[in-house]
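Below, each chain spelled out in residue letters.
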Amino acid sequence: MITFRDVTKEYPNGTVALCGRAPQPGMPQEKGMNLHIASREFVFVVGASGAGKSTFLKLLLHEEVPTSGSICVGQFELNNLTRKQIPMYRRQLGMVFQDFRLIANMNVYDNIAFAMRVVGARDKVIRERVVYLLQLVGLSHKVHSKPSELSGGEQQRVAIARALANNPDLIIADEPTGNIDPRMSQELLDLFVRLNEAGTTVVMVTHAHDLVRQYNKRIIILENGSVVADGVFRRPEETRRQYA
Amino acid sequence: MQSSSGRAFLTRMGLRNIQTNRTMSLASVLVLVSCLMLIGLVFLAATNLNSMFAEFSSRNVIMVYLRQGLEDQQVESIENRIKTMGNVKRCTYITSQAAYDRATAKNEGDLALLEGVDVAFMPAGFEVSPERLEDFDATVEQLKALDSGIQSVRSFQGVAAQLSAVQNALTVLGVAVITVLLLVSVFIISSTVQATMFSRQQEIKVMKSVGAAPAFIRWPFLVEGIVLGVMGALAALGVVCVVYVGMSRALEPFFNRLLSGFRLLPVVKQLPTLLPSFVAVGAIAGGGGSMLSITRYLKENIYEEAELEDE
Ligand SMILES: Nc1ncnc2c1ncn2[C@@H]1O[C@H](COP(=O)(O)OP(=O)(O)O)[C@@H](O)[C@H]1O
Ligand SMILES: [Mg+2]
């Protein structure tokens, strides 16, 4: 699904935000970040502030291009995307943000339908899909509510439904539980896991380390712009040791 | 892209935005109306001046007086040569009698002046109207040298030259005023749409992040700008018509005295030009203005740091 090959990113001001790992004994020096995320995988990306998480997401969204190396997402080779292809590429991604980004003056239904309307979907298709998505995220009873009438957790579920509107193969979530209380966070993560089990690849950047530890999922740890650990941490004790 | 239902939705969105931002919409329409109103009045003034100049220049004749006692044949040959000279719009023969009648008519109140002047004493001649005022002087010189049968040539060349200079200056001024006002209109629409756009950054970001094509993202704003522009144009045209009709009535006695018989052109005659140009100008100012302001927002990134990252 996602392949990074020797990717580096240096911003115009000279800050190197992504790079290869520091030299390891017995290993050749990496030219940049290398990683592969398979289809249907569930991956947490964690790391301290400034570690390069946002840069990683911006590269995935094709808002920034790598200084060197190449990124492949699905059948798209991002270095070769033409301007026309960028919208097509983004339709294959569902984005979920920390601040929900719902449109305040639209109700729940329209917020989700909006994502389909602006890519030209037909009304009948939209109606059926929105009903289905609201069921999926458990908000059928809130269909006419405005975002301001919903709790944080509910708003994020609407945002997830919207991200799924155009049936993407990949969901990219940026700190989706950052503005949500712990109990609701748990429910949201469960929702992501269910989506993943239904076949969607999930990449989630998060700070909620204690939450992450409860899932036996792959974790990629970034530090100073490179991957310092990458693997599935099966038992909570082990995970804790890794971070310490 | 199955675009028809999407476009319909986006069109409704643009129209709804006009209502949502009623105050801003009204403000921009009002300013646009005043700009377009000025443009319309400048245009009408220019058209009237042009027709006034046309009237003036038709009164701008060159009198060619002939020597006494020329043969009919000679007169005819002179007439033919004048007519084929170039820059001659009209050439009319004035007999001695006609010249006498004119003179007496002109000096009605003062017949004593013409006492003792015989009909036969008035020279016959031609009244020549030049085609182009710019070449007035050259034409006069040419007439003077045309034939020995011509006794004298009289003209009002100073007035002619000044008139065409004034006309040119006014044309330049009119074009300049209209251009400036057009730019102002574009700027105003652009800042209105920009102001409403600030509250719609979220929409734009969402549209971008779900993969809406740029043309789709622009569409509601284009609709909004064009509708505002055309509304402004129609309102302005209405105001211009009312003001113009009022002015023609008020100015009628003045023109009657100053320029016998001259009237402001009826506005109905100008409508076939004015209506489409106003609508076009409104649509271009509106559409152009909104495109100008959205381009900046389209460049902005979808992904922007939420500043909540400190450990
Ligand atoms: N647009 C930018 N221009 C210059 N430097 C940047 C820019 N964005 C991020 N950086 C720098 O790149 C590094 C990685 O940043 P970032 O990817 O935002 O990390 P994180 O999201 O993990 O906090 C930091 O040192 C940051 O200051
Ligand atoms: Mg960041």
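Here, every reference points to the structure presented above.
Only a predicted model underlies this, so the values are computations on that prediction, with no experimental measurement involved. (Residues numbered from 1 in each chain as written. Chains lettered and ligands numbered in written order. Predicted model: local features only at pLDDT ≥ 70, side-chain atom pairs only at ≥ 80, totals over all residues. Heavy atoms only, no water.)

Digging into the overall build of chain A
So, step 1. Per the secondary structure count, chain A includes eight helices and 11 strands.
So, step 2. What you see for chain A is a C-alpha radius of gyration of 19 Å, in line with the 18 Å of a compact globule of 244 residues.
So, step 3. Viewed in the frame of its principal axes, chain A has a C-alpha envelope of about 60 × 45 × 30 Å.
So, step 4. By residue count, 59% of the 244 residues in chain A fall in the buried class.
So, step 5. Long-range contacts, defined as pairs at least 24 residues apart, comprise 71% of the intrachain contacts of chain A with a sequence gap of at least 6.
So, step 6. With 30 positive and 25 negative side-chain charges, chain A shows a separation of 4 Å between the mean positions of the two kinds. (Helix = DSSP H or I, 4+ residues; strand = E, 2+ residues; numbered from the N terminus. Rg over C-alpha atoms; globule rule 2.2 N^0.38 Å. Buried < 20%, exposed > 50% of the residue type's maximum accessible area, 1.4 Å probe, protein only. Contact = heavy atoms within 4.5 Å. Lys, Arg positive; Asp, Glu negative; His and termini not counted. Charge placed at Lys NZ, Arg CZ, Asp CG, Glu CD.)

Some remarks on the pattern of salt bridges
All names here are of chain A.
So, step 1. Overall, the coordinates contain nine salt bridges over all chains when judged by the stated rule.
So, step 2. Between R218 and E41 there is a salt bridge, with the nearest N and O atoms lying 2.8 Å from each other. One end of the pair, R218, is in strand β10 (residues 218-223); the other, E41, is in the loop between β3 (33-37) and β4 (42-47), with 177 residues separating them in the sequence.
So, step 3. A salt bridge links E128 to K124; the shortest N-O distance between them is 3.3 Å. Taken together, the residues span about one helical turn, with E128 and K124 both in helix α4 (residues 123-136) at a distance of four residues.
So, step 4. If you follow the salt bridges from partner to partner, you end up with E41, R218 and D230 in one network. (Salt bridge = Lys/Arg side-chain N within 4 Å of Asp/Glu carboxyl O.)

Let's talk about the nonpolar core
So, step 1. Ranked by size, the top nonpolar core spans 94 residues in total, and within it I112, F114, V118 and F192 of chain A carry the most contacts.
So, step 2. Ranked by residues supplied to this core, first place goes to helix α8 (residues 214-258) of chain B with 11 residues.
So, step 3. Excluding residues that lie within four positions of it along the chain, F192 of chain A makes contacts with F42, V96, I160, I171, A173, P176, V202 and M204 of chain A.
So, step 4. In this structure, L57, V73, L81 and V227 of chain A belong to the second largest nonpolar core, which totals 35 residues. (Core = buried A, V, L, I, M, F, W, Y, C linked by side-chain atoms within 4.5 Å.)

Here's the deal with the pairing of strand β5 (residues 68-73) of chain A
Both faces of the sheet carry side chains from a regular strand, because those side chains alternate between them.
Residue and element names in this part refer to chain A.
So, step 1. By the bridge criterion, five bridges tie strand β1 (residues 2-10) to β5 in an arrangement that is antiparallel. When the sheet's bridge partners are listed, F4 is paired in β5 with I71.
So, step 2. Pairing analysis gives two bridges linking β5 to strand β6 (residues 76-77), with the strands arranged antiparallel. Within β6, the position partnered with V73 by the bridge is F76.
So, step 3. Counting the residues between successive antiparallel strands, the hairpin from β5 to β6 contains two residues, one of them, G74, with a positive phi of roughly 60°. (Pairing = 2+ DSSP bridges.)

Considerations on the site of ligand 1
So, step 1. Lining the immediate environment of ligand 1, one finds 14 residues, of which G50, G52, K53, S54 and T55 of chain A sit closest.
So, step 2. Nearby residues place ligand 1 at the junction of chains A and B.
So, step 3. Within the backbone of A51 of chain A, one N or O atom sits 3.2 Å away from an oxygen atom of ligand 1.
So, step 4. In the environment of ligand 1, an oxygen atom lies 2.6 Å from a nitrogen or oxygen atom belonging to the side chain of S54 of chain A.
So, step 5. Surface burial for ligand 1 is 71%, taken as the share of its 560 Å² of free accessible area covered by protein chains.
So, step 6. Here the shell around ligand 1 is composed, by residue class, of four nonpolar, seven polar and three charged. (Near = heavy atom within 4 Å. Polar contact = N/O pair within 3.5 Å; in protein donor to acceptor, adjacent residues only side chain to side chain. Areas by Shrake-Rupley, 256 points an atom, 1.4 Å probe, with all protein chains shown as cover. Nonpolar A, V, L, I, M, F, W, Y, C, P; charged D, E, K, R; others polar.)

A look at the sheet that holds strand β11 (residues 226-232) of chain A
Residues and elements named next belong to chain A.
So, step 1. On the basis of which strands lie adjacent, the open sheet formed by six strands has the order β7-β8-β9-β4-β10-β11 and mixed pairing. Each having just a single partner strand, β7 (93-96) and β11 make up the two edges of the open sheet. Ignoring strand direction, the axes of neighbouring strands in this sheet form an average angle of 15°.
So, step 2. Of the pairings in the sheet, the one linking strand β8 (residues 170-174) to strand β9 (residues 201-205) comprises five bridges and is parallel in character. Across the sheet, the residue bridging to I172 is V203, located in β9.
So, step 3. Helix α6 (residues 182-197) contacts β4, β7, β8 and β9 of the sheet and is inclined by roughly 150° relative to β9. (Axes fitted to C-alpha atoms, helices over the stretch in contact; angles between N-to-C directions.)

Structural measurements only, silent on function.
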